[in-house]
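# Structural features, examined
Here is what each chain is made of, one letter per residue.
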2 protein chains.
Amino acid sequence: MPVDPHAAITITAYDWVPDFAKGLVRDLRVRWALEEVGQDYAVRLLPQGDQKREPHRALQPFGQVPTYQEGELTLFESGAIVLHIGERFGTLLPAGPAARARTVEWAFAALNTVEPTVTDLALTAIFEADQSWSKPRLPVVKERIRERLAELSDRLGERQWLDGDFSAADLLMVTVLRGLRGTGLVEAHANLAAYQARGEARPAFQRALSDHMAGFTGKPPKGWEREEGR
Amino acid sequence: MPVDPHAAITITAYDWVPDFAKGLVRDLRVRWALEEVGQDYAVRLLPQGDQKREPHRALQPFGQVPTYQEGELTLFESGAIVLHIGERFGTLLPAGPAARARTVEWAFAALNTVEPTVTDLALTAIFEADQSWSKPRLPVVKERIRERLAELSDRLGERQWLDGDFSAADLLMVTVLRGLRGTGLVEAHANLAAYQARGEARPAFQRALSDHMAGFTGKPPKGWEREEGR
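For every chain, the first residue of the written sequence is number 1, and numbering continues from 1 onward in sequence order. Labels are handed out in written order, letters beginning with A for the chains and numbers beginning with 1 for the ligands. Only residues with pLDDT of at least 70 get local features here, since the model is predicted, and only at 80 or more are side-chain atom pairs given and counted; chain-wide, interface and lining totals rely on the full set of residues. Remark: hydrogens and water are excluded; side-chain values derive from all non-hydrogen atoms of the structure.

### Some points on the overall build of chain A
- Counting secondary structure elements, chain A contains nine helices and four strands.
- Numbering of helices and strands runs from the N terminus, with a helix taken as a DSSP run of H or I at least four residues long and a strand as a DSSP run of E at least two residues long. Along the chain direction, N to C, the helices and strands of chain A fall in the order β-α-β-α-β-β-α-α-α-α-α-α-α.
- Relative to the 2.2 N^0.38 estimate, which gives 17 Å for 230 residues, the radius of gyration of chain A is 18 Å and therefore close to what a compact globule would have.
- A principal-axis box enclosing the C-alpha atoms of chain A has dimensions of 50 × 50 × 25 Å.
- Within the span of chain A, comprising 230 residues, buried residues form 55% of the whole.
- It only takes one pair of heavy atoms within 4.5 Å for two residues to be counted as in contact. Within chain A, contacts between residues at least 6 apart in sequence are counted, and of these 71% link residues at least 24 apart.
- The charged-residue count follows a simple rule in which Lys and Arg add positive charge and Asp and Glu add negative charge, with His and chain termini not counted at all. Where a charge lies is defined by one atom per residue type: Lys uses NZ, Arg uses CZ, Asp uses CG and Glu uses CD. For chain A, the distance from the average site of its 28 positive side-chain charges to the average site of its 32 negative ones is 3 Å. What the globule rule says is 2.2 Å times the number of residues to the power 0.38, and the radius of gyration is computed from C-alpha atoms. Each residue gets one of three labels from its accessible area relative to the maximum for its type: buried under 20%, exposed over 50%, partly exposed in between, using a 1.4 Å probe on protein chains only.

Below is the structure:
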(Lines give C-alpha, C1' and ligand atoms only; values in the text may rest on other atoms or scores of the structure.)
Protein backbone atom coordinates (compact mmCIF):
# COMPACT_ATOMS: atom_id res chain seq x y z
CA MET A 1 0.00 0.00 0.00
CA PRO A 2 1.56 3.26 -1.09
CA VAL A 3 -0.15 5.50 1.47
CA ASP A 4 2.81 6.57 3.58
CA PRO A 5 2.82 9.62 5.88
CA HIS A 6 6.49 10.22 5.07
CA ALA A 7 6.10 10.17 1.28
CA ALA A 8 7.41 13.05 -0.85
CA ILE A 9 3.95 13.61 -2.34
CA THR A 10 1.00 14.78 -0.25
CA ILE A 11 -2.60 14.92 -1.45
CA THR A 12 -5.76 16.11 0.28
CA ALA A 13 -9.09 14.31 0.65
CA TYR A 14 -12.16 14.60 2.90
CA ASP A 15 -12.44 12.68 6.16
CA TRP A 16 -16.18 12.37 5.68
CA VAL A 17 -18.69 12.65 2.81
CA PRO A 18 -22.33 11.56 2.48
CA ASP A 19 -22.80 7.99 1.26
CA PHE A 20 -23.79 9.06 -2.26
CA ALA A 21 -20.34 10.61 -2.74
CA LYS A 22 -18.22 7.77 -1.35
CA GLY A 23 -16.16 6.23 -4.12
CA LEU A 24 -16.68 9.32 -6.30
CA VAL A 25 -14.70 12.16 -4.70
CA ARG A 26 -11.95 13.29 -7.02
CA ASP A 27 -9.02 12.38 -4.80
CA LEU A 28 -9.77 8.87 -6.12
CA ARG A 29 -8.41 9.94 -9.52
CA VAL A 30 -5.14 11.11 -8.05
CA ARG A 31 -4.76 8.04 -5.83
CA TRP A 32 -5.39 5.82 -8.87
CA ALA A 33 -2.82 7.66 -10.97
CA LEU A 34 -0.20 7.42 -8.20
CA GLU A 35 -0.89 3.68 -7.86
CA GLU A 36 -0.52 3.21 -11.62
CA VAL A 37 2.92 4.83 -11.58
CA GLY A 38 3.92 3.20 -8.28
CA GLN A 39 4.50 6.35 -6.23
CA ASP A 40 3.94 6.47 -2.48
CA TYR A 41 1.90 9.38 -1.19
CA ALA A 42 0.74 10.89 2.08
CA VAL A 43 -2.87 12.02 2.61
CA ARG A 44 -4.03 15.01 4.61
CA LEU A 45 -7.68 14.40 5.50
CA LEU A 46 -9.85 17.51 5.84
CA PRO A 47 -12.98 17.68 7.96
CA GLN A 48 -15.94 19.05 5.97
CA GLY A 49 -15.83 22.84 5.96
CA ASP A 50 -12.06 23.12 6.21
CA GLN A 51 -11.81 23.00 2.42
CA LYS A 52 -13.50 26.40 2.28
CA ARG A 53 -11.15 28.04 4.81
CA GLU A 54 -7.49 28.88 5.12
CA PRO A 55 -4.99 27.27 5.02
CA HIS A 56 -6.59 25.00 2.38
CA ARG A 57 -7.89 27.93 0.31
CA ALA A 58 -4.33 28.99 -0.33
CA LEU A 59 -3.76 25.64 -2.03
CA GLN A 60 -7.15 25.41 -3.76
CA PRO A 61 -8.84 28.71 -4.64
CA PHE A 62 -12.21 27.01 -5.23
CA GLY A 63 -12.24 25.26 -1.87
CA GLN A 64 -12.25 21.69 -3.13
CA VAL A 65 -10.18 18.54 -2.95
CA PRO A 66 -7.84 17.09 -4.11
CA THR A 67 -4.63 19.04 -4.08
CA TYR A 68 -1.18 17.70 -4.87
CA GLN A 69 2.04 18.85 -3.25
CA GLU A 70 5.51 17.70 -4.14
CA GLY A 71 8.35 19.90 -2.95
CA GLU A 72 7.74 23.43 -4.19
CA LEU A 73 5.00 22.39 -6.60
CA THR A 74 1.36 22.65 -5.54
CA LEU A 75 -1.41 21.74 -7.96
CA PHE A 76 -5.18 21.56 -7.90
CA GLU A 77 -7.68 20.27 -10.50
CA SER A 78 -7.71 16.49 -10.66
CA GLY A 79 -7.41 16.47 -14.46
CA ALA A 80 -4.24 18.54 -14.34
CA ILE A 81 -2.81 16.50 -11.48
CA VAL A 82 -3.36 13.21 -13.30
CA LEU A 83 -1.72 14.57 -16.46
CA HIS A 84 1.16 15.92 -14.37
CA ILE A 85 1.67 12.53 -12.73
CA GLY A 86 1.79 11.05 -16.24
CA GLU A 87 4.41 13.60 -17.33
CA ARG A 88 6.45 13.21 -14.18
CA PHE A 89 6.47 9.45 -13.68
CA GLY A 90 5.54 8.02 -17.09
CA THR A 91 3.25 5.12 -18.04
CA LEU A 92 0.02 7.16 -18.05
CA LEU A 93 0.96 9.14 -21.17
CA PRO A 94 2.02 7.65 -24.49
CA ALA A 95 5.33 8.51 -26.15
CA GLY A 96 5.32 11.02 -29.01
CA PRO A 97 3.72 14.46 -29.18
CA ALA A 98 0.76 13.44 -31.38
CA ALA A 99 -0.30 10.53 -29.17
CA ARG A 100 0.21 12.74 -26.12
CA ALA A 101 -1.98 15.47 -27.61
CA ARG A 102 -4.71 12.89 -28.22
CA THR A 103 -4.51 11.78 -24.58
CA VAL A 104 -4.96 15.41 -23.49
CA GLU A 105 -7.86 15.64 -25.97
CA TRP A 106 -9.61 12.70 -24.34
CA ALA A 107 -8.87 14.06 -20.87
CA PHE A 108 -10.76 17.22 -21.81
CA ALA A 109 -13.49 15.16 -23.50
CA ALA A 110 -13.96 13.33 -20.19
CA LEU A 111 -13.98 16.45 -18.02
CA ASN A 112 -15.43 19.14 -20.30
CA THR A 113 -17.80 17.23 -22.62
CA VAL A 114 -19.02 14.18 -20.67
CA GLU A 115 -18.62 15.11 -16.99
CA PRO A 116 -20.69 18.34 -17.02
CA THR A 117 -23.75 16.32 -18.08
CA VAL A 118 -23.12 13.89 -15.21
CA THR A 119 -22.65 16.72 -12.72
CA ASP A 120 -25.91 18.24 -13.89
CA LEU A 121 -27.66 15.01 -12.88
CA ALA A 122 -26.16 15.15 -9.39
CA LEU A 123 -27.13 18.82 -9.04
CA THR A 124 -30.69 18.24 -10.19
CA ALA A 125 -31.34 14.93 -8.44
CA ILE A 126 -29.46 15.46 -5.17
CA PHE A 127 -28.50 19.08 -4.49
CA GLU A 128 -31.81 20.42 -5.83
CA ALA A 129 -33.90 17.51 -4.51
CA ASP A 130 -36.17 19.84 -2.54
CA GLN A 131 -36.83 22.16 -5.47
CA SER A 132 -40.06 21.94 -7.43
CA TRP A 133 -38.18 21.31 -10.70
CA SER A 134 -35.98 18.49 -9.46
CA LYS A 135 -38.09 15.59 -10.72
CA PRO A 136 -39.52 17.26 -13.84
CA ARG A 137 -36.07 18.27 -15.05
CA LEU A 138 -34.48 14.82 -14.67
CA PRO A 139 -35.64 13.42 -18.05
CA VAL A 140 -34.08 16.38 -19.89
CA VAL A 141 -30.81 15.99 -18.02
CA LYS A 142 -30.72 12.23 -18.58
CA GLU A 143 -31.42 12.67 -22.28
CA ARG A 144 -28.28 14.82 -22.59
CA ILE A 145 -26.26 12.12 -20.84
CA ARG A 146 -27.74 9.45 -23.14
CA GLU A 147 -26.67 11.43 -26.18
CA ARG A 148 -23.09 11.79 -24.91
CA LEU A 149 -22.84 8.13 -23.91
CA ALA A 150 -24.17 6.96 -27.27
CA GLU A 151 -21.50 9.06 -28.99
CA LEU A 152 -18.80 7.76 -26.66
CA SER A 153 -19.96 4.18 -27.19
CA ASP A 154 -19.90 4.63 -30.98
CA ARG A 155 -16.36 5.94 -30.89
CA LEU A 156 -15.08 3.34 -28.45
CA GLY A 157 -16.50 0.51 -30.55
CA GLU A 158 -14.53 -2.63 -29.83
CA ARG A 159 -11.44 -0.81 -28.61
CA GLN A 160 -10.11 -1.70 -25.18
CA TRP A 161 -9.18 1.91 -24.39
CA LEU A 162 -9.95 5.30 -25.90
CA ASP A 163 -6.71 5.65 -27.89
CA GLY A 164 -4.08 2.93 -27.79
CA ASP A 165 -2.95 1.71 -24.38
CA PHE A 166 -4.57 2.58 -21.06
CA SER A 167 -3.80 6.24 -20.35
CA ALA A 168 -4.54 9.18 -18.06
CA ALA A 169 -7.58 9.86 -20.29
CA ASP A 170 -9.06 6.41 -19.63
CA LEU A 171 -8.48 6.87 -15.91
CA LEU A 172 -10.43 10.14 -16.01
CA MET A 173 -13.21 8.83 -18.26
CA VAL A 174 -13.79 5.73 -16.10
CA THR A 175 -14.13 7.91 -12.99
CA VAL A 176 -16.64 10.11 -14.86
CA LEU A 177 -18.72 7.05 -15.83
CA ARG A 178 -18.67 5.91 -12.20
CA GLY A 179 -20.69 9.03 -11.39
CA LEU A 180 -23.66 7.38 -13.14
CA ARG A 181 -23.79 4.35 -10.86
CA GLY A 182 -27.28 3.18 -10.10
CA THR A 183 -28.82 4.94 -13.11
CA GLY A 184 -28.44 2.15 -15.69
CA LEU A 185 -27.25 4.72 -18.23
CA VAL A 186 -23.79 3.22 -18.74
CA GLU A 187 -25.18 -0.33 -18.74
CA ALA A 188 -27.34 0.57 -21.76
CA HIS A 189 -24.11 0.27 -23.78
CA ALA A 190 -22.42 -3.10 -23.31
CA ASN A 191 -19.08 -1.80 -24.57
CA LEU A 192 -19.08 1.16 -22.18
CA ALA A 193 -20.01 -1.00 -19.21
CA ALA A 194 -17.19 -3.41 -20.14
CA TYR A 195 -14.79 -0.48 -20.57
CA GLN A 196 -15.63 0.87 -17.13
CA ALA A 197 -15.32 -2.62 -15.60
CA ARG A 198 -11.93 -3.07 -17.31
CA GLY A 199 -10.69 0.13 -15.69
CA GLU A 200 -12.09 -0.78 -12.29
CA ALA A 201 -10.52 -4.24 -12.45
CA ARG A 202 -7.01 -2.81 -12.59
CA PRO A 203 -5.13 -3.57 -9.37
CA ALA A 204 -4.08 0.08 -9.11
CA PHE A 205 -7.73 1.17 -9.14
CA GLN A 206 -8.65 -1.41 -6.52
CA ARG A 207 -5.91 -0.25 -4.17
CA ALA A 208 -6.84 3.40 -4.74
CA LEU A 209 -10.53 2.76 -4.07
CA SER A 210 -9.74 0.80 -0.92
CA ASP A 211 -7.58 3.62 0.46
CA HIS A 212 -10.12 6.24 -0.63
CA MET A 213 -12.85 4.44 1.32
CA ALA A 214 -10.57 3.86 4.31
CA GLY A 215 -10.00 7.61 4.55
CA PHE A 216 -13.57 8.32 5.63
CA THR A 217 -12.75 8.23 9.32
CA GLY A 218 -14.46 11.49 10.35
CA LYS A 219 -17.91 12.47 11.44
CA PRO A 220 -20.50 14.55 9.57
CA PRO A 221 -20.50 18.24 10.46
CA LYS A 222 -23.37 19.30 12.71
CA GLY A 223 -26.57 19.91 10.80
CA TRP A 224 -25.22 18.71 7.46
CA GLU A 225 -28.54 17.13 6.51
CA ARG A 226 -30.30 20.45 6.91
CA GLU A 227 -27.53 22.35 5.13
CA GLU A 228 -27.66 20.02 2.19
CA GLY A 229 -31.41 20.57 1.98
CA ARG A 230 -32.11 16.86 2.28
CA MET B 1 -4.92 38.10 -41.53
CA PRO B 2 -3.83 34.53 -41.00
CA VAL B 3 -6.93 32.88 -42.46
CA ASP B 4 -5.50 31.29 -45.58
CA PRO B 5 -7.16 28.44 -47.50
CA HIS B 6 -3.75 26.99 -48.32
CA ALA B 7 -2.44 26.95 -44.76
CA ALA B 8 -1.00 23.75 -43.23
CA ILE B 9 -3.53 23.90 -40.38
CA THR B 10 -7.28 23.52 -40.92
CA ILE B 11 -9.93 24.13 -38.29
CA THR B 12 -13.71 23.76 -38.43
CA ALA B 13 -16.38 26.27 -37.44
CA TYR B 14 -20.10 26.79 -38.12
CA ASP B 15 -21.33 28.90 -41.04
CA TRP B 16 -24.33 30.00 -39.00
CA VAL B 17 -25.35 30.13 -35.34
CA PRO B 18 -28.15 31.98 -33.52
CA ASP B 19 -27.25 35.51 -32.42
CA PHE B 20 -26.84 34.50 -28.76
CA ALA B 21 -23.96 32.21 -29.74
CA LYS B 22 -22.07 34.55 -32.05
CA GLY B 23 -18.73 35.47 -30.49
CA LEU B 24 -18.93 32.47 -28.16
CA VAL B 25 -18.51 29.34 -30.29
CA ARG B 26 -15.36 27.51 -29.33
CA ASP B 27 -13.55 27.86 -32.64
CA LEU B 28 -12.86 31.38 -31.31
CA ARG B 29 -10.45 29.86 -28.77
CA VAL B 30 -8.47 28.06 -31.45
CA ARG B 31 -8.41 31.09 -33.76
CA TRP B 32 -7.18 33.23 -30.87
CA ALA B 33 -4.42 30.75 -29.99
CA LEU B 34 -3.26 30.56 -33.61
CA GLU B 35 -3.19 34.36 -33.82
CA GLU B 36 -1.15 34.55 -30.61
CA VAL B 37 1.49 32.20 -32.05
CA GLY B 38 1.31 33.75 -35.54
CA GLN B 39 0.23 30.66 -37.48
CA ASP B 40 -1.90 30.85 -40.62
CA TYR B 41 -4.88 28.53 -40.75
CA ALA B 42 -7.64 27.50 -43.11
CA VAL B 43 -11.26 27.22 -41.97
CA ARG B 44 -13.81 24.68 -43.12
CA LEU B 45 -17.25 26.13 -42.40
CA LEU B 46 -19.99 23.59 -41.62
CA PRO B 47 -23.68 24.23 -42.19
CA GLN B 48 -25.70 23.46 -39.05
CA GLY B 49 -26.47 19.75 -38.91
CA ASP B 50 -23.34 18.64 -40.74
CA GLN B 51 -21.46 18.51 -37.44
CA LYS B 52 -23.63 15.57 -36.41
CA ARG B 53 -23.02 13.57 -39.61
CA GLU B 54 -20.14 11.95 -41.43
CA PRO B 55 -17.56 12.97 -42.47
CA HIS B 56 -17.33 15.40 -39.53
CA ARG B 57 -18.22 12.73 -36.95
CA ALA B 58 -15.06 10.86 -37.85
CA LEU B 59 -13.09 13.93 -36.73
CA GLN B 60 -15.27 14.80 -33.74
CA PRO B 61 -17.10 11.94 -32.04
CA PHE B 62 -19.41 14.30 -30.13
CA GLY B 63 -20.51 16.17 -33.26
CA GLN B 64 -19.18 19.59 -32.30
CA VAL B 65 -16.72 22.22 -33.51
CA PRO B 66 -13.87 23.04 -33.54
CA THR B 67 -11.51 20.43 -34.85
CA TYR B 68 -7.84 20.94 -35.69
CA GLN B 69 -5.97 19.19 -38.48
CA GLU B 70 -2.29 19.47 -39.22
CA GLY B 71 -0.81 16.77 -41.41
CA GLU B 72 -1.61 13.41 -39.83
CA LEU B 73 -2.74 14.90 -36.54
CA THR B 74 -6.44 15.52 -35.92
CA LEU B 75 -7.62 16.89 -32.60
CA PHE B 76 -10.90 17.91 -31.04
CA GLU B 77 -11.69 19.60 -27.68
CA SER B 78 -10.81 23.29 -27.72
CA GLY B 79 -8.91 23.03 -24.42
CA ALA B 80 -6.64 20.31 -25.78
CA ILE B 81 -6.16 22.12 -29.08
CA VAL B 82 -5.13 25.36 -27.37
CA LEU B 83 -2.64 23.51 -25.16
CA HIS B 84 -1.32 21.66 -28.21
CA ILE B 85 -0.81 24.94 -30.08
CA GLY B 86 1.13 26.15 -27.06
CA GLU B 87 3.32 23.03 -27.07
CA ARG B 88 3.83 23.12 -30.81
CA PHE B 89 4.47 26.80 -31.45
CA GLY B 90 5.45 28.24 -28.06
CA THR B 91 4.49 31.53 -26.36
CA LEU B 92 1.21 30.25 -24.84
CA LEU B 93 2.94 27.94 -22.35
CA PRO B 94 5.63 28.99 -19.89
CA ALA B 95 9.04 27.34 -19.78
CA GLY B 96 9.69 24.77 -17.05
CA PRO B 97 7.60 21.76 -16.03
CA ALA B 98 6.19 23.30 -12.82
CA ALA B 99 4.95 26.48 -14.52
CA ARG B 100 3.60 24.38 -17.36
CA ALA B 101 1.71 22.12 -14.94
CA ARG B 102 0.15 25.21 -13.36
CA THR B 103 -0.98 26.42 -16.78
CA VAL B 104 -2.66 23.07 -17.37
CA GLU B 105 -4.17 23.36 -13.89
CA TRP B 106 -5.76 26.71 -14.76
CA ALA B 107 -6.90 25.38 -18.11
CA PHE B 108 -8.85 22.68 -16.30
CA ALA B 109 -10.06 25.21 -13.72
CA ALA B 110 -11.49 27.26 -16.60
CA LEU B 111 -13.13 24.34 -18.38
CA ASN B 112 -14.01 21.91 -15.58
CA THR B 113 -14.66 24.18 -12.57
CA VAL B 114 -15.90 27.52 -13.95
CA GLU B 115 -17.34 26.72 -17.39
CA PRO B 116 -19.85 24.04 -16.32
CA THR B 117 -21.63 26.63 -14.14
CA VAL B 118 -21.76 29.00 -17.12
CA THR B 119 -23.05 26.27 -19.42
CA ASP B 120 -25.75 25.47 -16.90
CA LEU B 121 -27.00 29.04 -17.21
CA ALA B 122 -27.22 28.74 -21.00
CA LEU B 123 -29.03 25.41 -20.71
CA THR B 124 -31.53 26.70 -18.17
CA ALA B 125 -32.12 30.16 -19.66
CA ILE B 126 -31.99 29.38 -23.38
CA PHE B 127 -32.24 25.70 -24.22
CA GLU B 128 -34.86 25.05 -21.52
CA ALA B 129 -36.60 28.41 -21.97
CA ASP B 130 -39.96 26.74 -22.66
CA GLN B 131 -39.79 24.50 -19.61
CA SER B 132 -41.73 25.34 -16.47
CA TRP B 133 -38.56 25.35 -14.36
CA SER B 134 -36.51 27.67 -16.55
CA LYS B 135 -37.19 30.91 -14.67
CA PRO B 136 -37.46 29.45 -11.14
CA ARG B 137 -34.14 27.62 -11.49
CA LEU B 138 -32.16 30.65 -12.68
CA PRO B 139 -31.40 32.09 -9.21
CA VAL B 140 -29.90 28.77 -8.06
CA VAL B 141 -27.77 28.54 -11.19
CA LYS B 142 -26.61 32.15 -10.91
CA GLU B 143 -25.71 31.66 -7.25
CA ARG B 144 -23.31 28.87 -8.22
CA ILE B 145 -21.70 31.14 -10.79
CA ARG B 146 -21.43 33.95 -8.23
CA GLU B 147 -19.61 31.62 -5.85
CA ARG B 148 -17.10 30.55 -8.50
CA LEU B 149 -16.50 34.11 -9.71
CA ALA B 150 -15.96 35.37 -6.16
CA GLU B 151 -13.36 32.64 -5.66
CA LEU B 152 -11.70 33.42 -8.97
CA SER B 153 -11.70 37.14 -8.17
CA ASP B 154 -10.13 36.50 -4.77
CA ARG B 155 -7.35 34.44 -6.28
CA LEU B 156 -6.70 36.80 -9.18
CA GLY B 157 -6.40 39.77 -6.82
CA GLU B 158 -4.30 42.42 -8.48
CA ARG B 159 -2.52 40.03 -10.81
CA GLN B 160 -2.63 40.77 -14.53
CA TRP B 161 -2.97 37.11 -15.45
CA LEU B 162 -3.73 33.88 -13.59
CA ASP B 163 -0.13 32.72 -13.16
CA GLY B 164 2.74 34.80 -14.53
CA ASP B 165 2.55 35.91 -18.15
CA PHE B 166 -0.50 35.58 -20.41
CA SER B 167 -0.94 31.88 -21.20
CA ALA B 168 -3.23 29.31 -22.76
CA ALA B 169 -5.08 29.21 -19.43
CA ASP B 170 -5.90 32.93 -19.57
CA LEU B 171 -7.07 32.54 -23.14
CA LEU B 172 -9.48 29.79 -22.04
CA MET B 173 -10.65 31.58 -18.88
CA VAL B 174 -11.41 34.82 -20.75
CA THR B 175 -13.53 32.93 -23.29
CA VAL B 176 -15.40 31.26 -20.42
CA LEU B 177 -16.12 34.64 -18.80
CA ARG B 178 -17.40 35.93 -22.16
CA GLY B 179 -20.21 33.39 -21.87
CA LEU B 180 -21.67 35.56 -19.10
CA ARG B 181 -22.11 38.67 -21.25
CA GLY B 182 -25.24 40.60 -20.51
CA THR B 183 -25.67 39.07 -17.04
CA GLY B 184 -23.60 41.58 -15.03
CA LEU B 185 -22.05 38.70 -13.11
CA VAL B 186 -18.47 39.35 -14.20
CA GLU B 187 -18.89 43.12 -13.80
CA ALA B 188 -19.69 42.56 -10.11
CA HIS B 189 -15.93 42.03 -9.68
CA ALA B 190 -13.89 44.96 -11.00
CA ASN B 191 -10.71 42.89 -11.22
CA LEU B 192 -12.41 40.13 -13.23
CA ALA B 193 -14.01 42.60 -15.62
CA ALA B 194 -10.61 44.27 -16.12
CA TYR B 195 -8.97 40.86 -16.61
CA GLN B 196 -11.49 39.91 -19.28
CA ALA B 197 -11.11 43.32 -20.97
CA ARG B 198 -7.31 42.91 -20.90
CA GLY B 199 -7.62 39.61 -22.74
CA GLU B 200 -10.10 40.97 -25.25
CA ALA B 201 -7.90 43.99 -25.95
CA ARG B 202 -5.09 41.81 -27.26
CA PRO B 203 -4.65 42.29 -31.02
CA ALA B 204 -4.65 38.51 -31.51
CA PHE B 205 -8.07 38.28 -29.86
CA GLN B 206 -9.44 41.12 -31.96
CA ARG B 207 -8.31 39.49 -35.20
CA ALA B 208 -9.68 36.11 -34.09
CA LEU B 209 -13.05 37.59 -33.16
CA SER B 210 -13.30 39.49 -36.41
CA ASP B 211 -12.62 36.33 -38.46
CA HIS B 212 -14.94 34.29 -36.24
CA MET B 213 -17.79 36.76 -36.92
CA ALA B 214 -16.94 36.96 -40.63
CA GLY B 215 -17.37 33.20 -40.90
CA PHE B 216 -21.13 33.35 -40.31
CA THR B 217 -21.98 33.44 -43.99
CA GLY B 218 -24.62 30.71 -44.01
CA LYS B 219 -28.34 30.59 -43.45
CA PRO B 220 -30.26 29.04 -40.57
CA PRO B 221 -31.45 25.50 -41.18
CA LYS B 222 -35.17 25.19 -41.89
CA GLY B 223 -37.29 25.22 -38.78
CA TRP B 224 -34.39 25.86 -36.41
CA GLU B 225 -36.51 28.07 -34.14
CA ARG B 226 -38.97 25.28 -33.58
CA GLU B 227 -36.21 22.69 -33.10
CA GLU B 228 -34.53 24.84 -30.49
CA GLY B 229 -37.83 25.13 -28.65
CA ARG B 230 -37.75 28.92 -28.79
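### Things to note about the sheet that holds strand S4 (residues 73-76) of chain B
Residues and elements named next belong to chain B.
- If you walk across this open sheet you meet the four strands as S2-S1-S3-S4, and the pairing is mixed. The open sheet has two edge strands, strand S2 (42-46) and S4, and neither has a second partner. Mean inter-strand twist for the sheet, computed between neighbouring axes without regard to direction, equals 20 degrees.
- Against the sheet, helix H1 (residues 27-37) touches strand S1 (9-14), S2 and strand S3 (67-70), its axis set at about 150 degrees to S1. Whether two strands pair comes down to DSSP finding at least two bridges between them. Here the axes come from fitting lines to C-alpha atoms, over the contacting stretch only for helices, and the angles between their N-to-C directions go from 0 to 180 degrees.

### Considerations on the sheet that holds strand S1 (residues 9-14) of chain A
Residue and element names in this part refer to chain A.
- Strand order in the open sheet made by the four strands is S2-S1-S3-S4, with mixed pairing throughout. Each edge of the sheet is formed by a strand with only one pairing partner; in this case those strands are strand S2 (42-46) and strand S4 (73-76). On average, each strand axis in the sheet is tilted by 20 degrees relative to the strand beside it, whichever way the strands run.
- The pairing of S1 with strand S3 (residues 67-70) spans three bridges and is classified as antiparallel. Bridge assignment links isoleucine 9 to a residue of S3, and that residue is glutamate 70.
- Helix-sheet contacts for helix H1 (residues 27-37) involve S1, S2 and S3, and the interaxial angle to S1 is about 150 degrees.
- Contacting S1, S3 and S4, helix H3 (residues 78-89) runs over the sheet at an angle of about 30 degrees to S3.

### Some points on the domain arrangement of chain A
All names here are of chain A.
- All the domain ranges listed were derived from an automatic or database domain assignment. You can read the domains of chain A as domain 1 (9-91 + 206-227) and domain 2 (97-202).
- Placing the centre of domain 1 and that of domain 2 at their C-alpha centroids yields a distance of 21 Å.
- Two parts placed together each lose some accessible area; with a 1.4 Å probe, that loss summed over both constitutes the buried area. Both faces considered, domain 1 and domain 2 share a buried interface measuring about 1,600 Å² in area, 60% of it formed by carbon and sulfur atoms.
- The three residues of domain 1 that bury the most area against domain 2 are Arg29, Trp32 and Leu83, which together make up 37% of that side's buried surface.
- With a shortest N-O distance of 3.2 Å, glutamate 115 and arginine 26 are connected by a salt bridge.
- Polar contact criterion, stated in full: a pair of N or O atoms within 3.5 Å, where within protein one must be able to donate a hydrogen and the other to accept it, and residues adjacent in sequence count only if both atoms are side-chain atoms. Linking domain 1 with domain 2 are ten residue pairs in polar contact (both at pLDDT 80 or more), by the criterion used here.
- Elements represented by at least two residues in the side of domain 1 that touches domain 2 include exactly H1, H3 and helix H8 (203-214). A pairing counts as a salt bridge when a side-chain nitrogen of Lys or Arg comes within 4 Å of a carboxyl oxygen of Asp or Glu.

### Regarding the relation of the copies chain B and chain A
- Superposing copies: least-squares fit, C-alpha atoms only, residues required to have pLDDT of at least 70 in both. Least-squares fitting of chain B to chain A yields an RMSD of 0.0 Å, with the transformation described by 0.0 Å of translation along the axis and a rotation of 180 degrees. The two molecules are tied by a two-fold rotation axis, judged by turn and shift.
- When you check the interface residues of chain B against chain A, 100% turn up at the interface there too, and the contact is symmetric in its surfaces.

### Points about the packing of aromatic side chains
- Any two rings among Phe, Tyr and Trp, with Trp reduced to its six-membered ring, count as a pair given centres within 6.5 Å; such a pair is stacked if its planes are under 30 degrees apart, edge-to-face if over 60, and tilted if neither. According to the stated counting rule, one finds 17 aromatic pairs over all chains in the structure shown.
- Judged by centre distance (5.7 Å) and plane angle (65 degrees), the ring pair of B:Trp161 and B:Tyr195 falls under edge-to-face. Of the two residues, B:Trp161 sits in the loop between helix H5 (134-156) and helix H6 (168-178) while B:Tyr195 sits in helix H7 (residues 190-200), which places them 34 residues apart along the sequence.
- An aromatic cluster is present here, built from A:Trp32, A:Trp161, A:Phe166, A:Tyr195 and A:Phe205 joined pairwise through their rings.

### Topic: the side chain of B:Ser153
All names here are of chain B.
- Mapped onto the secondary structure, serine 153 falls in helix H5.
- A distance of 3.5 Å separates the side chain of serine 153 from the side chain of histidine 189, its partner in a polar contact.
- Reaching out from serine 153, the side chain makes a polar contact with the side chain of asparagine 191 at a distance of 2.7 Å.
- Ignoring sequence-local partners within four residues, the contact set of serine 153 consists of His189, Asn191 and Leu192.

### Looking at the environment of B:Thr67
Residue and element names in this part refer to chain B.
- Take threonine 67: it is sitting in strand S3.
- Linking threonine 67 and aspartate 130, residues 63 residues apart in sequence, is a C-alpha distance of 32 Å.
- Among the polar contacts made by the side chain of threonine 67, one reaches the side chain of threonine 12 at a distance of 2.7 Å.

### A closer look at the interface of chain B and chain A
- Counting residues at the interface gives 48 residues for chain B and 48 residues for chain A.
- Here chain B and chain A share an interface that buries about 3,900 Å² over both sides, 59% of which is from carbon and sulfur atoms.
- Of all residues in chain B, B:Phe62, B:Phe108 and B:Trp133 give up the largest surface area on contact with chain A, accounting jointly for 18% of the area buried on that side.
- The tally of links between chain B and chain A comes to ten salt bridges.
- Between A:Asp120 and B:Arg137 there is a salt bridge, and its shortest N-O distance comes to 3.5 Å.
- For the interface between chain B and chain A, the tally reads 20 residue pairs in polar contact (both at pLDDT 80 or more).

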